[in-house]
Every structure is written in structure tokens, then in C-alpha cells.
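Each chain, written out:
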Amino acid sequence: MSPILVTQQGDRSMGRTSGFAAVLLVFCLSRLAPADEPASNPPAGPQQAQQAVDRAIGYLQSESAAWWNTRGCAACHHLPMPLWALSEAERQGYAIDEQFVAETTESLLGSRDALMASKLFPNPADPPDPRPQGRGLNMGLPFLAVAARSMPSTGEGQEQSLKLIAEEIVKKQQPDGSWEFFATLRRPPINESQVTDAAWIIMALQGETGPDAPRSHREALSRAIAWFDAATSSDLHQEKVLRLLVAIRSGKPRDTMQTATEELLALQRDDGGWSQTVPESKSDAFATGQTLYVLSLAGFGAERPEIKRAMDFLVATQLPDGSWPMISRSSPDGSPGSSKLLTPITCAASSWATLGLARLAPKRPQDCSLPATSP
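For clarity, every value in this text was computed on a predicted model and none was experimentally measured.

Student: Which residues make up the overall build of the chain, and what values go with them?
Tutor: When you go through the chain residue by residue, the secondary structure sums to 14 helices and 0 strands. Mapped from its N terminus to its C terminus, the chain presents α and β elements in the order α-α-α-α-α-α-α-α-α-α-α-α-α-α. Every one of the 375 residues in the chain was classed for burial, and the buried ones make up 49%. When the accessible surface of the chain is summed, it comes to about 18,100 Å², and 56% of that surface belongs to carbon and sulfur atoms.

Student: Quick one: what's the story with helix 11 (residues 258-266), residue by residue and with numbers?
Tutor: Along helix 11, the positions that sit buried rather than exposed are Thr261, Leu264 and Leu265. One side of helix 11 holds all its buried residues, which, seen down the axis, span an arc of 100°. Every exposed residue of helix 11 that faces more than 90 degrees away from the buried side is listed here: Thr259 and Ala266. In this fold, the buried residues of helix 11 make contact with helix 10 (237-249), helix 12 (285-297) and helix 13 (305-317).

Student: Give me the lowdown on the pattern of salt bridges, citing residues and values where you can.
Tutor: If charged atoms from side chains of opposite charge come close, those side chains can pair. Enumeration over the complete set of coordinates arrives at 13 salt bridges. Note that Arg91 is salt-bridged to Glu88, the shortest N-O span being 3.4 Å. Residue Arg91 and its partner Glu88 are located together in helix 3 (residues 80-91), separated by 3 residues, close to a single helical turn. Each member of the pair, Arg91 together with Glu88, is buried. Arg135 serves as the salt-bridge partner of Glu180, at 2.4 Å between the closest nitrogen and oxygen. Placement of Glu180 in the loop between helix 7 (156-172) and helix 8 (194-207) and of Arg135 in the loop between helix 5 (112-117) and helix 6 (140-148) is noted, with a sequence separation of 45 residues between them. A cluster of three or more residues bridged by salt bridges with shared partners is formed by Glu88, Arg91 and Arg359.

Student: Quick rundown of the environment of Ile345? Include the residues and the values.
Tutor: Note that Ile345 resides in helix 14 (residues 343-360). The exposure class of Ile345 is buried, given its relative accessible area of 7%. C-alpha of Ile345 to C-alpha of His77: the two residues are 268 residues apart in sequence and 7.0 Å apart in space. If we ignore the near neighbours within four places in the chain, the residues touching Ile345 are Pro189, Gln276, Met326, Ile327, Ser328 and Arg329.

Student: Just give me the short version of the side chain of Ser275, but keep the residues and values in it.
Tutor: As for its position among the elements, Ser275 is in the loop between helix 11 and helix 12. Looking at Ser275, its side chain comes within polar contact range of the main-chain nitrogen of Thr277, at 3.2 Å. A polar side-chain atom of Ser275 sits 3.5 Å from the main-chain carbonyl oxygen of Lys282.

Student: Before we move on, can you summarise the environment of Cys76 with the specific residues and values?
Tutor: For Cys76, the location among the structural elements is in the loop between helix 2 (46-71) and helix 3. Between the alpha carbons of Cys76 and Pro142 there is a distance of 9.0 Å; along the sequence they are 66 residues apart. The contacts of Cys76, once residues within four sequence positions are left out, are Met81, Pro82, Met139, Gly140, Phe143 and Ile190.

Student: Go over the packing of helix 10 against helix 11, please, and point to the residues and values.
Tutor: Running from N to C, helix 10 and helix 11 cross one another at 145°; their axes reach a closest spacing of 10 Å. As helix 10 runs across helix 11, the sense of the crossing is left-handed. Along its contact with helix 10, which presents His237, Lys240, Val241 and Leu244, the element helix 11 presents Ala260, Thr261, Glu263 and Leu264. Here the residues of the contact of helix 10 with helix 11 sort into 4 nonpolar, 2 polar and 2 charged.

Student: Lay out the environment of Lys282 in plain terms, naming residues and giving numbers.
Tutor: Within the secondary structure, Lys282 sits in the loop between helix 11 and helix 12. Under the relative-accessibility criterion, Lys282 is labelled exposed at 54%. Along the backbone, Lys282 and Asp271 are 11 residues apart, and their C-alpha atoms lie at a distance of 8.7 Å. When sequence neighbours within four positions are dropped, the list of residues in contact with Lys282 reads Arg269 and Ser275.

Student: So what about unusual backbone geometry? Which residues, and what values?
Tutor: Residue Pro189 is bonded to the preceding Pro188 through a cis peptide linkage, with omega at 5°. Note that Pro189 resides in the loop between helix 7 and helix 8. Unlike most non-glycine residues, Lys119 shows phi in positive territory, near 70°. By the secondary structure assignment, Lys119 is in the loop between helix 5 and helix 6. A residue is classified by how much of its surface remains accessible, and Lys119, at 55% relative accessible area, is exposed.

Student: Describe the nonpolar core, listing the residues and the values that go with them.
Tutor: One finds Trp84, Ile165 and Trp200 to be the most contacted residues of the largest nonpolar core, which totals 102 residues. Ranked by residue count, the leading element in this core is helix 14, at 10 residues.

Conventions used here
Residues numbered from 1 in each chain as written. Predicted model: local features only at pLDDT ≥ 70, side-chain atom pairs only at ≥ 80, totals over all residues. Heavy atoms only, no water. Helix = DSSP H or I, 4+ residues; strand = E, 2+ residues; numbered from the N terminus. Buried < 20%, exposed > 50% of the residue type's maximum accessible area, 1.4 Å probe, protein only. Areas by Shrake-Rupley, 256 points an atom, 1.4 Å probe, with all protein chains shown as cover. Arc of directions from axis to C-beta. Contact = heavy atoms within 4.5 Å. Salt bridge = Lys/Arg side-chain N within 4 Å of Asp/Glu carboxyl O. Polar contact = N/O pair within 3.5 Å; in protein donor to acceptor, adjacent residues only side chain to side chain. Axes fitted to C-alpha atoms, helices over the stretch in contact; angles between N-to-C directions. Left-handed = near helix turned anticlockwise from the far one by under 90°. Nonpolar A, V, L, I, M, F, W, Y, C, P; charged D, E, K, R; others polar. Core = buried A, V, L, I, M, F, W, Y, C linked by side-chain atoms within 4.5 Å.

Below is the structure:
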């Protein structure tokens, strides 16, 4: 017999045990840590989620203040989005800088002059913009209107500014109910497609189109919704989320949204998050926070395993300064990493993450006196 084959019973038993152990070890390692599967995030309790929101609040306040003070531009990602997130956080029991929110809102919407100074609303004294985009709607306006309607109250001057925004929206609407979109100038994810832009415009117009609104505004909203509903759906993750958000804010029955919610849940990645750009394998705070926020409005609570995993992802990936790491998509073709300026997408993503976490980890019971779907 070959010397490689042991003949003693004990050695044979030891050989079989060692071989089995080796096979078992390889199997376990292949199950626990495949090369392309991210490790699971440590579980985060309500207190950790609340701490993440507190850190995010500090970041959003300082970052948006710095942007406004240095640039004087009410960009969607640095003022409307943070104001919306801060208002939601306060509504859920978090401490925010109320003076900063009030003063910033007033500086943007307090009067017609303030609205024009924000570089969002056209000044009739300026010469017409000869560029093609001059025909289009400045998308900062609907973002600002949606953010303003998230606040508990608005002053008289702010109400007048919101009426001006609604008039500008109606003025720029095309006959088919849409708004002109300039594909070569798109800046995803804030300005991603004609459909995502339309979602924001519809939400803004809904806030200004009550029973006493002009007939032209109500008709414009009806045309916009008809165009939006008929528009061909794409694979853009944000489009799926915003379609669901518009449906929720429009008061559609929850059972009609089941397919949309199931589709979003099916897109959740192994690490618990969602990605802006399917099939991009890396989850990010923009898509994850956005999806969490809208699913919370659709009735999903923190006890759901899918929601819990997503919250774990956000808590685990937050940076010490309260923001979340992001890759820029700010380019006409939407290719990642094409811009060195990360603050716009970082601020927008951190706003979405704050919106999602604050609703799912409130510091006090939700105030039922406010609309359940208030943005």
C-alpha cells in the first residue's frame, strides 16, 4: 500500500475529520463573504438613527448657510432640499435652528424682490435670455414651492411669492401639459429627466391649486397630470420613486400603489440600500433616503425588515460631519465622477437621508394635526 494512505484506524478517522473540516470551512467562507457581495451593516437601534439625524441637521444647516452666504444662489440642492428636510425633522421632534430656517425662507420668499434676488425668478427689467433654456422653467421654483409648503405656516409676503411661482409655472407649460426639457443640459439627479422634472412641478402646482385658485391653474394641473400619467416609464430609479410620491400626494388609494411599492422593494440591494442608477451595484444615500421617505408615506414602518436594513445602511455609511459619501453625476450625459464639485449631490443626498430617517425614527409621535403626506 502506498505510504500516502495511512493504515491505522485512528489516522484514517483523523484524515476524514480534517478533510470534512476543510470542506466545511471553504463552504462557510463562500457563503459568508463572496467576493462581490457587500458585508451586512451592523444593526442600528432607534437611538442610533436619531443620532444620525441630529448629525445630519448640523451638516445641512451649516452647509446650506455657507452656500447661500458665499454664492447667493438658491440652488435646489442647497436651500429648498435642506429647508424641506429641516422642516420634516422639526415636525418629528428634532431640534433645529428655527431662526436660520425662518430667516432663510424669508430671504427667499419674503417678497417679489427677494424672489428675484434668489436668481430663480425672472426679473422683467432684465433683457430676455436668448439661450434655448430661457424658454424653460427654472427648476429651483418648484423645489422652493414644495419646500415652503412643508412648513407649519407662511407669511403674507411668502404667500404672494408662491402665487408668483405658480403663475410662472403655468406660463411656461407647453400645450401638451409638459414643460420643455433640455436633455443636453440635464444635471442628474436633481434635473434628471422630463418626467422627474414634471413630478416636482406637479407637486408644486398642487400646493398652489386649491378651490380658490384661478381656473387656468386648475386646468394646467389637470393637463400636467394627464401628461405625466401617459408618459412612457423608464428604468430610472428616481422616476419610480417620484411617481409613487405624486400618487401619494394626490390621495390615490393605497391598494393602487401596491405594484409600485413592490417594485421598489425588489430593487433593494444586498447592503440594504438602493442605487440611483440601476444596475450600478453601489447603493447611495440619495436613492436610499428618497426611497425610505416615500415608502414611509406609503405606510411602511421601521419594523419592516426591508426598512430596517435600509436604516442600518444609512446609519453605517454616514460620515462624521453628518453628511453621506456621494459620487457626482453632474454632467450633461449623467456619467458618474465627471465633476469635482461634490457638495451639490452630497447636500441633496443628505437631505433625502434626513427626510427618510426622521420619519422612521421620530423623537415624538407624529403630529396628526399636520397632513400625513406633508413633504
